[in-house]
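Fold and geometry: a report
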Amino acid sequence: MNHLVDARKLKRPVPQALLDELKTLFGERCSTTLAMREHHGRDESSYDPMLPDAVVFAHSTEEVAAFVKLCSQYDTPIIPYGAGTSLEGHVLALQGGVTVDLSQMNRVLAVNGEDLTATVQAGVTRKQLNLEIKDTGLFFPIDPGADASLGGMASTRASGTNAVRYGTMKENTLTLTVVTAQGEIIKTGTRAKKSSAGYDLTRVYVGSEGTLGIITEVTVRLYPQPEAISAAICSFPSVADAVNTVIQTIQMGVPLARVELLDENGVRAINAHDKLTLPVNPLLLFEFHGSENGVKEQAELVQDLANENHALGFEWATRPEDRTRLWTARHNAYFALLQLRPGARAISTDCCVPISRLAECVLATKADCEEQGLIHAIIGHVGDGNFHVQMMVDPNDPADIARAEGVNERMVARALSMDGTCTGEHGVGLHKMDFLIQEHGDGAIAVMRAIKHALDPKNIMNPGKILRWEQ
């Protein structure tokens, strides 16, 4: 965590002249109140709050551009903010500065049903988009759990429960409108399904976590709503049996829409939080999309594979309300797990490995948590090799925190040794900066740093995240 100490030494004072100009430009939508700064100075990570000096609420791309030009003029850090649901410290004002909140940029600008695309402002959330297009027969599948904004989801290259079938934000973002660090407005592509025209700027900004520019509009792919949806839950005597079922299912080419793993601790937590009565064993939660016959065939094949791996029961959730209740409980797991240790703070982390190494990585990580005596749960989008570990720690006990961080470090080292990645969907933020170096090596990091220096020469765009300004 030395980068935190180093970066905080670089905290930059915000000139009063800039605040005066921002208040002239934005009126009441520019706030310096402590309550507003505190709200924007934290996310769902385990970090202590780091407050901006002011918060501005933008309503348009043009307002964002005017805002950036002013901040650039005064060399003032800018922190883009969407829904505040990030898990690795992405939105914390590490060097002070001004937060630009895009949540009020929440208009769906265009739905092109024939082309299966939608263009939205960055503050539109995934639930809002799906609600607005529900009568078109289309839906947007990327589901990270939290009702995140699409700008934030693009910035962190989000994925979630549906990624095993529909992909991540990387595959489902066609083009972006971005305000550069100089306050210029650019478009990174078109709505065409493919292009060979020049550098792929869309992919440069997707996953850049606000360090290269501010995403203000996103054009995403939509999909036809499936003819039939079926869900099932299946308990197993061990995590190994559950994970091996998933590996075999994927290797056989079964087109799962979603498959989620909850270990016994995760099941116990959501039972208490959502008043469920699921067996307290490792659990897989499946969802199948397709035609009536296709869904039936997929489910029967998966059931056979589960039985071969000692399944304790395969139960169907055929009614929409039953499916909704199960998936709502899954999405509430983060908050449910906090109740396993009242007053604790969660250290939440993730990694992703090739599917063939998933069982090995999950089991070793779980054993490590147990050896360290940590109250924890493992939950995974296991269909694509991605799993999450949530460890509850006493925020006032440095030794407790150190045990959890040790598990995290060993988990990442294990994943990298398996040709995996330090994060499948959380992103880098503050927490995984050192791991990024381990994963990519000094040469690749130098290329990333060169891109950062070229696009943001004053280092005002979310500074101190992803990588250090200097080597």
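Fair warning: this is a prediction, and the values are worked out from it, not measured in the lab.

A separate point is the overall build of the protein. Helix and strand content of the protein: 17 helices and 18 strands. Here the C-alpha atoms of the protein give a radius of gyration of 22 Å, agreeing with the 23 Å that 2.2 N^0.38 yields for 471 residues. Per-residue burial for the protein yields a buried fraction of 56% across its 471 residues. Sequence-distant contacts in the protein: of pairs separated by 6 or more residues, those separated by 24 or more amount to 72%. Approximately 19,200 Å² of the protein is accessible, and the part contributed by carbon and sulfur atoms is 51%.

This part is about a nonpolar patch on the surface. A grouping of Y199, L201, V204, V447 and I451 is seen on the molecular surface, where their side chains present a nonpolar patch of about 480 Å² in accessible area. Only helix 9 (201-205) and helix 17 (433-455) provide two or more residues apiece to the nonpolar patch. Checked against the element boundaries, V447 lands in helix 17.

What follows deals with the sheet that holds strand 10 (residues 213-221). On the basis of which strands lie adjacent, the open sheet formed by five strands has the order 5-6-10-8-9 and antiparallel pairing. Where the open sheet ends on each side, the last strands, each with one partner, are strand 5 (108-112) and strand 9 (185-187). The average undirected angle you get between the axes of adjacent strands in this sheet is 15 degrees. Of the strand pairs in this sheet, strand 5 and strand 6 (residues 117-121) are connected by four bridges, and their pairing is antiparallel.

Glancing now at helix 16 (residues 398-417). Given a rise of 1.5 Å per residue, 20 residues ought to cover 28 Å, and the 28 Å separating the end C-alpha atoms of helix 16 matches this to within 8%. Every buried residue belonging to helix 16 is among D400, A404, E405, G406, V407, N408, M411, V412, R414 and A415, and all of these are buried. Tucked inside the fold, the buried residues of helix 16 contact strand 16 (345-352), helix 15 (358-371), strand 18 (386-393) and helix 17. At the N-terminal end of helix 16, a side-chain oxygen is found 3.1 Å from the backbone nitrogen of A399, two or three residues along, and the residue is D397.

Opposite charge on two side chains lets them pair, provided their charged atoms get close. This structure, assessed with the given rule, holds 21 salt bridges. A salt bridge links E370 to K366, with the shortest nitrogen-to-oxygen separation between them at 3.8 Å. You can see E370 and its partner K366 sitting in helix 15, four residues apart, about one turn around the helix. Take E370: its relative accessible area is 47%, and that puts it in the partly exposed class. Judged by its relative accessible area of 7%, K366 falls in the buried class. The network of salt bridges with common partners includes R126, D143, R258 and E287.

The subject of this paragraph is the UniProt feature "domain: FAD-binding PCMH-type" (unreviewed entry) in the protein. UniProt annotation of "domain: FAD-binding PCMH-type" (unreviewed entry) refers to residues 48-225 when read in the numbering used here. Helix makes up 22% of residues 48-225 and strand 26%, and the two end C-alpha atoms of the span are 42 Å apart.

Here we take up the side chain of H426. Topologically, H426 is positioned in the loop between helix 16 and helix 17. Residue H426 is classed as buried on the basis of its relative accessible area, which comes to 6%. Look past the residues within four positions of H426 in its chain and what remains in contact with it is L87, E88, H90, S348, T349, D350 and H388.

Right, let's get into the packing of aromatic side chains. How two aromatic rings sit relative to each other is set out by the distance from centre to centre and by the angle between their planes. Scanning the entire structure with this criterion turns up seven aromatic pairs. Between R258 and the ring centre of W327, over which it is positioned, the NZ or CZ distance is 4.1 Å.

Strand order in this open sheet of four strands is 1-2-4-3, and the pairing throughout is mixed. Of all the strands in the sheet, the pair left with one neighbour each is strand 1 (30-31) and strand 3 (78-81). In terms of strand pairing, strand 3 meets strand 4 (residues 98-101) through four bridges, oriented parallel. Bridging across to strand 4, P80 finds its partner in V100. Taken strand by strand, helix 2 (residues 16-26) contacts strand 1, strand 2 (54-57) and strand 4, and its axis lies near 25 degrees from that of strand 2. The strands touched by helix 4 (residues 61-73) within the sheet are strand 2, strand 3 and strand 4, with strand 3 carrying the most contacts at an inclination of about 155 degrees.

Counted at 1.5 Å a residue, the expected span for helix 17 with its 23 residues is 33 Å, but the 20 Å between its end C-alpha atoms falls short. Its maximal kink placed at G441, helix 17 deviates by approximately 110 degrees. Turning to helix 17, its buried residues number three or more, namely M433, F435, L436, I445, R449 and K452.

Burial analysis of strand 17 (residues 375-381) places six of its seven residues in the buried class, which makes it a mostly covered element. In terms of strand pairing, strand 13 (residues 258-262) meets strand 17 through two bridges, oriented antiparallel. By the bridge assignment, L262 is partnered in strand 17 with I379. Both strand 17 and strand 18 contribute to a ladder of seven bridges, which runs antiparallel. In the sheet register, A377 faces strand 18, and the bridge partner there is Q390. Hairpin remark: strand 17 followed by strand 18, antiparallel, with four residues in the connecting loop; positive phi at G385, about 80 degrees.

Calculation rules
Residues numbered from 1 in each chain as written. Predicted model: local features only at pLDDT ≥ 70, side-chain atom pairs only at ≥ 80, totals over all residues. Heavy atoms only, no water. Helix = DSSP H or I, 4+ residues; strand = E, 2+ residues; numbered from the N terminus. Rg over C-alpha atoms; globule rule 2.2 N^0.38 Å. Buried < 20%, exposed > 50% of the residue type's maximum accessible area, 1.4 Å probe, protein only. Contact = heavy atoms within 4.5 Å. Areas by Shrake-Rupley, 256 points an atom, 1.4 Å probe, with all protein chains shown as cover. Patch = residues over 30% accessible without salt bridge, like charges linked within 9 Å, V, L, I, M, F, W, Y side chains within 5 Å. Salt bridge = Lys/Arg side-chain N within 4 Å of Asp/Glu carboxyl O. Pairing = 2+ DSSP bridges. Axes fitted to C-alpha atoms, helices over the stretch in contact; angles between N-to-C directions. Expected span 1.5 Å × (residues − 1). Polar contact = N/O pair within 3.5 Å; in protein donor to acceptor, adjacent residues only side chain to side chain. UniProt positions renumbered as here; feature names shortened; annotations may be inferred. Phe/Tyr/Trp six-rings, centres within 6.5 Å; stacked < 30°, edge-to-face > 60°. Lys NZ or Arg CZ within 6 Å of the ring centre and 35° of its normal. Bend = angle between axes of the 7 residues up to and from the residue.

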